[in-house]
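For reference, the chains in residue letters:
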Amino acid sequence: MSEQYVSTIQLCDEIGLSRDSVNKLRRDGVLIPGRDFYRGHGRRAPMFWSVDSVVQALRSRTALAET
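Scope of this entry: the structure provided in the associated data block. No experiment lies behind these values; they were computed from the predicted model shown.

Another aspect to go through is the side chain of Thr-8. Looking at the element boundaries, Thr-8 is found in helix H1 (residues 8-15). A relative accessible area of 12% places Thr-8 in the buried class. A distance of 2.8 Å separates polar atoms of two side chains, one belonging to Thr-8 and the other to Trp-49. Ignoring sequence-local partners within four residues, the contact set of Thr-8 consists of Arg-19, Met-47 and Trp-49.

Rendered as structure tokens:
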């Protein structure tokens, strides 16, 4: 089965975070290009996100914080 990617707005709706929160996680290196998202060609091109991968990254981050 192929992985589905969604827009940033759709991702925010799915995971219940704001766009600013998602961008901060990306800038902080929690969300990784090629694993959690990809961007079209060009600096201002939209990003597309793997909801499953992002959720997994957030769960891993939470699990590490709890230990």
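Once the structure has been displayed, the description carries forward.
Before going further, it helps to examine helix H2 (residues 19-27). Working note: α-helix, 3.6 residues per turn, so residues spaced by three or four point in the same direction. Taken residue by residue, H2 has Val-22, Asn-23 and Leu-25 as its buried positions. Viewed end-on, H2 has its buried residues packed into an arc of 160°, placing them on one side of the element. Facing away from the buried side of H2, by more than 90 degrees, are the exposed residues Asp-20 and Arg-27. Positive backbone phi, at 85°, marks Gly-29, one or two positions downstream of H2.

As a further point, take the pattern of salt bridges. Close approach of charged atoms lets side chains of opposite charge pair. Under the definition given, this model contains two salt bridges. Across the pair Lys-24 and Asp-28 runs a salt bridge whose closest N-O atoms are separated by 2.6 Å. Judged by its relative accessible area of 45%, Lys-24 is partly exposed. The exposure class assigned to Asp-28 is partly exposed, which follows from its relative accessible area of 45%. Here Arg-35 ties to Asp-36 by a salt bridge, and the two come within 2.7 Å at their closest N and O atoms.

Scoring rules and cut-offs
Residues numbered from 1 in each chain as written. Predicted model: local features only at pLDDT ≥ 70, side-chain atom pairs only at ≥ 80, totals over all residues. Heavy atoms only, no water. Helix = DSSP H or I, 4+ residues; strand = E, 2+ residues; numbered from the N terminus. Buried < 20%, exposed > 50% of the residue type's maximum accessible area, 1.4 Å probe, protein only. Polar contact = N/O pair within 3.5 Å; in protein donor to acceptor, adjacent residues only side chain to side chain. Contact = heavy atoms within 4.5 Å. Arc of directions from axis to C-beta. Salt bridge = Lys/Arg side-chain N within 4 Å of Asp/Glu carboxyl O.

Keep in mind that these numbers describe shape and distance, not what the molecule does.
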